[in-house]
Amino acid sequence: DMLLSISKQTYGINKRLLSEHGFEDWQTQYVPHGISAKRIHKVHPDNEHFKQFESKFGLDKYKFKVLYLNRNIRRKSPGDVALAYKHMMDKLTPEQRKDCCFVWHAAPSDENGTDMKAVCNTLLPEYPVIFTHDIKGSFNDEEMNYLYNSVDIYINLASNEGFGLGSCESLHAGTPIVVNVTGGLQDQCGF
């Protein structure tokens, strides 16, 4: 009876197409994801629990951390993200490289994706990569909030994205995002 869209782009397409087929205005609505500020928010860097979290995962050793937090599947372009990180690192001085880390918070291997450990061993053999699942599988809400707060940038190069919950949560933590102009990611960038 009703079609709810999580991105403005999808809503616009549905509204235009459905109106041509006799659907009424009320039958399609835009309903974006919601993020609770109680769950994801800016954390003060002196917070003791936050500092313990960073230490546990080795995140306190780096000044600049890039986060990949998506499912390891083809449309999320995980290999492209690793390659982009390599290109960035290659342009830095050896001294600057020591301060950077690629943080991978997804399954390192997926039958619908790729073996990211093999990709990183090939593309980034000299650059630090932290696979969070090797230290601890899934994170609770507090740990996810700390992760978003610990990193300096979140990257999502998905070829198509319905909404992009990880990027929206990053923004709620005050962490900048690098995203493709696709689907709901456009909404988060104000396009």
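Higher on the page you've got the structure.
This text gives an overview of the structure that appears in the document.

Cut-offs and rules
- Residues numbered from 1 in each chain as written.
- Predicted model: local features only at pLDDT ≥ 70, side-chain atom pairs only at ≥ 80, totals over all residues.
- Heavy atoms only, no water.
- Patch = residues over 30% accessible without salt bridge, like charges linked within 9 Å, V, L, I, M, F, W, Y side chains within 5 Å.
- Areas by Shrake-Rupley, 256 points an atom, 1.4 Å probe, with all protein chains shown as cover.
- Salt bridge = Lys/Arg side-chain N within 4 Å of Asp/Glu carboxyl O.
- Helix = DSSP H or I, 4+ residues; strand = E, 2+ residues; numbered from the N terminus.
- Axes fitted to C-alpha atoms, helices over the stretch in contact; angles between N-to-C directions.
- Parallel < 35°, antiparallel > 145°, perpendicular 65-115°, else oblique.
- Contact = heavy atoms within 4.5 Å.
- Nonpolar A, V, L, I, M, F, W, Y, C, P; charged D, E, K, R; others polar.
- Buried < 20%, exposed > 50% of the residue type's maximum accessible area, 1.4 Å probe, protein only.
- Pairing = 2+ DSSP bridges.
- Left-handed = near helix turned anticlockwise from the far one by under 90°.

Focus on a nonpolar patch on the surface
Taken together, the side chains of Met2, Leu4, Trp26 and Val31 present a nonpolar region at the surface, about 400 Å² in accessible area. Considering the arrangement of structural elements, one finds Met2 in the segment before β1 (3–5).

Some remarks on the packing of helix α2 (residues 48–56) against helix α7 (residues 141–150)
For the pair α2 and α7, interaxial distance at closest approach is 10 Å and the crossing angle is 75°. Of the possible angle classes, the one that applies to α2 and α7 is roughly perpendicular. Mapping the contact onto sequence places His49, Phe50, Phe53, Glu54 and Lys56 in α2 and Glu143, Tyr146, Leu147, Asn149 and Ser150 in α7. Split by residue class, the contact of α2 with α7 holds four nonpolar, three polar and three charged.

Some words on unusual backbone geometry
Located in the positive-phi region is Ser77, a residue other than glycine, with phi close to 55°. Assignment of secondary structure puts Ser77 in the loop between β3 (64–68) and α3 (78–90). Note on Ser77: relative accessible area 10%, which makes it buried.

Notes on the pairing of β3
Counting buried positions along β3 yields four of five residues, so the element is predominantly enclosed. Note that β3 and strand β4 (residues 100–104) share five bridges and pair parallel. By the bridge assignment, Phe64 is partnered in β4 with Cys100. Sheet topology places β3 next to strand β6 (residues 153–156); two bridges connect them, and they run parallel.

Quick notes on helix α8 (residues 165–172)
Of the residues making up α8, those classed as buried are Gly166, Ser167, Cys168, Glu169 and Ser170. Tucked into the core, α8 has its buried residues touching α7, β6, β7 (177–179) and α9 (185–188). Taken from the residues just after α8, Gly174 is the one with a positive phi, measuring 85°.

Digging into the packing of α3 against helix α5 (residues 116–123)
Packing of α3 against α5 leaves a shortest axis separation of 10 Å and a crossing angle of 20°. Taken together, α3 and α5 sit at an angle that is classed as roughly parallel. Regarding α3 and α5, the two cross each other, and that crossing is right-handed. Here Pro78, Gly79, Ala82, Leu83 and Lys86 of α3 lie close against α5, whose contacting residues are Met116, Val119 and Leu123. Taken together, the residues that form the contact of α3 with α5 break down as six nonpolar, one polar and one charged.

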